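Chain and residue survey
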Amino acid sequence: DEQQTGVICFLLDVTEKMQIEKMKQDFTANVSHELKTPLTSISGYAEMIENGMAKAEDVENFAARIHKEAGRLLTLISDIIRLSELDEMPEHEAFVPVDLLEVAQDCSGLLVLQAEKHGVQLAVEGESFQVLGSRSMLDELAYNLADNAIRYNKPGGSVTLRVEPGRLIVSDTGIGIPEKDQRRVFERFYRVDKSRSKETGGTGLGLAIAQHIARRHGAEILLRSREGAGTEITVEFPVGEDRAQTEKLS
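Residues numbered from 1 in each chain as written. Predicted model: local features only at pLDDT ≥ 70, side-chain atom pairs only at ≥ 80, totals over all residues. Heavy atoms only, no water.

Within the protein chain one finds seven helices and seven strands. Counting helices and strands in the order they occur from the N terminus, the protein chain gives α-α-β-α-β-β-α-β-β-α-α-β-β-α. Across the 250 residues that make up the protein chain, the buried fraction comes to 39%. A sequence separation of at least 24 residues applies to 71% of the contacts in the protein chain between residues at least 6 apart. Surface summary for the protein chain: the accessible area is close to 15,500 Å², and the carbon and sulfur share equals 51%. (Helix = DSSP H or I, 4+ residues; strand = E, 2+ residues; numbered from the N terminus. Buried < 20%, exposed > 50% of the residue type's maximum accessible area, 1.4 Å probe, protein only. Contact = heavy atoms within 4.5 Å. Areas by Shrake-Rupley, 256 points an atom, 1.4 Å probe, with all protein chains shown as cover.)

A separate point is a nonpolar patch on the surface. A grouping of Phe-10, Leu-12, Val-14 and Met-18 is seen on the molecular surface, where their side chains present a nonpolar patch of about 490 Å² in accessible area. A relative accessible area of 64% means that Leu-12 is categorised as exposed. (Patch = residues over 30% accessible without salt bridge, like charges linked within 9 Å, V, L, I, M, F, W, Y side chains within 5 Å. Salt bridge = Lys/Arg side-chain N within 4 Å of Asp/Glu carboxyl O.)

A sheet is described by the order of its strands in space; here five strands give the open sequence 2-4-5-7-6, paired in mixed fashion. Every interior strand has two partners, whereas the edge strands, strand 2 (121-126) and strand 6 (220-226), have only one. On average, each strand axis in the sheet is inclined to that of its neighbour by 10 degrees, with strand direction left out of account. Sheet topology places strand 5 (residues 167-172) next to strand 7 (residues 230-236); six bridges connect them, and they run antiparallel. In the strand pairing of strand 7, Leu-168 is matched with Val-235. The strands that helix 3 (residues 100-117) touches are strand 2, strand 4 (158-164) and strand 5; relative to strand 2, the one it contacts most, it runs at about 175 degrees. (Pairing = 2+ DSSP bridges. Axes fitted to C-alpha atoms, helices over the stretch in contact; angles between N-to-C directions.)

All right, on to helix 4 (residues 135-151) then. The end-to-end C-alpha separation of helix 4 is 24 Å, in line with the 24 Å expected for 17 residues at 1.5 Å each. In terms of burial, helix 4 is a largely internal element, twelve of the 17 residues being buried. Turning to helix 4, its buried residues are Met-137, Leu-138, Glu-140, Leu-141, Ala-142, Asn-144, Leu-145, Ala-146, Asp-147, Ala-149, Ile-150 and Arg-151. (Expected span 1.5 Å × (residues − 1).)

With that settled, consider the pattern of salt bridges. Enumeration according to the criterion identifies nine salt bridges in this entry. Salt-bridge contacts for Asp-106 lead to Arg-135; the nearest nitrogen and oxygen are separated by 2.4 Å. Here Asp-106 is found in helix 3, whereas its partner Arg-135 is found in helix 4, with 29 residues between them in sequence. Judged by its relative accessible area of 41%, Asp-106 is partly exposed. In this structure Arg-135 comes out as partly exposed when scored by relative accessible area, which is 27%. Taking the shortest distance from any N to any O, the salt bridge between Arg-162 and Glu-232 comes out at 3.9 Å.

Let's shift gears to the packing of aromatic side chains. Under the counting rule described, the total for this entry stands at one aromatic pair. Judged by centre distance (5.1 Å) and plane angle (40 degrees), the ring pair of Tyr-45 and Phe-62 falls under tilted. Of this pair, Tyr-45 sits in helix 1 (residues 15-50) while Phe-62 sits in helix 2 (residues 56-88), placing them 17 residues apart in sequence. Considered together, Tyr-45 and Phe-62 belong to a single accessibility category, that of buried residues. (Phe/Tyr/Trp six-rings, centres within 6.5 Å; stacked < 30°, edge-to-face > 60°.)

A few words on the pairing of strand 6. Here strand 6 shows one buried face, formed by Ile-221, Leu-223 and Ser-225, and one open face, formed by Glu-220, Leu-222, Arg-224 and Arg-226. Counted between consecutive antiparallel strands, the loop separating strand 6 from strand 7 contains three residues, among which Gly-228 sits at a positive phi close to 85 degrees.

For the pair helix 3 and helix 4, the least separation of the axes is 9 Å and the interaxial angle reads 40 degrees. Compared by their axis directions, helix 3 and helix 4 come out oblique. The two elements helix 3 and helix 4 cross, and the hand of that crossing is right-handed. Touching Leu-100, Glu-102, Val-103, Asp-106, Cys-107, Leu-110, Leu-111, Gln-114 and Ala-115 of helix 3 are Arg-135, Leu-138, Asp-139, Ala-142, Tyr-143, Ala-146, Asp-147, Ile-150 and Arg-151, all from helix 4. (Parallel < 35°, antiparallel > 145°, perpendicular 65-115°, else oblique. Left-handed = near helix turned anticlockwise from the far one by under 90°.)

Moving on: the nonpolar core. Judged by nonpolar contacts, the single largest core of 46 residues is most densely connected at Leu-138, Leu-141, Leu-145, Val-159, Leu-161, Val-235 and Phe-237. Broken down by secondary-structure element, the contributors of at least two residues to this core are helix 2, helix 3, helix 4, strand 4, strand 5, helix 6 (206-216), strand 6 and strand 7. Counting residues in each nonpolar core, the second largest holds six residues, with Ile-42, Ala-54, Ile-66 and Leu-73 among its members. (Core = buried A, V, L, I, M, F, W, Y, C linked by side-chain atoms within 4.5 Å.)

The structure is reproduced here in structure tokens:
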């Protein structure tokens, strides 16, 4: 009879939405900053050459720096595009059995020249183990982890890709990661040593891409590192029911 007998409350939690918005804003700001740095260098050197401010003997050196910064810029853009592609991929896609040992061996073959260039020994150990996944994405995961291990190593150091049941382990004898930075190294654009990253051509996105791919496969990335003594990154893949399904498919 027009009397209020109850109240319905509708509560909407927008925390995750706000966090995503904040991440997007931070990412946009970081991208702008990262793109601006090499573009500023390219523009500066080109302007000096155009205005005749560069001596004849300096032109070759300036051209080399422009080429280096342009290469860094292209790599950065490629990684940004790749992250965007991973973000837009469907959560559930058809995976096939993939042998992690083959992934590690192919990765080693692709990086052997870079390892030699940095004076680093590259090795593959372990036994065959199949997981359900995307071969191309797992190749990219292993490549990014191993490439990072080579870049932040020492002359005469080593990088080992080891396959164990349910695990892909990339270990190195490099410079290591300070404890205060270990929780943040998988963030987009986060660098422990910015000067070294610039010197080696790193974009600050390799580990972020690796973590993204791991999550796509239901895997977890574990990091152990000691400053000055090296780093070990373990990718733990789902086992149990998923393992049984993999064996059935293969």
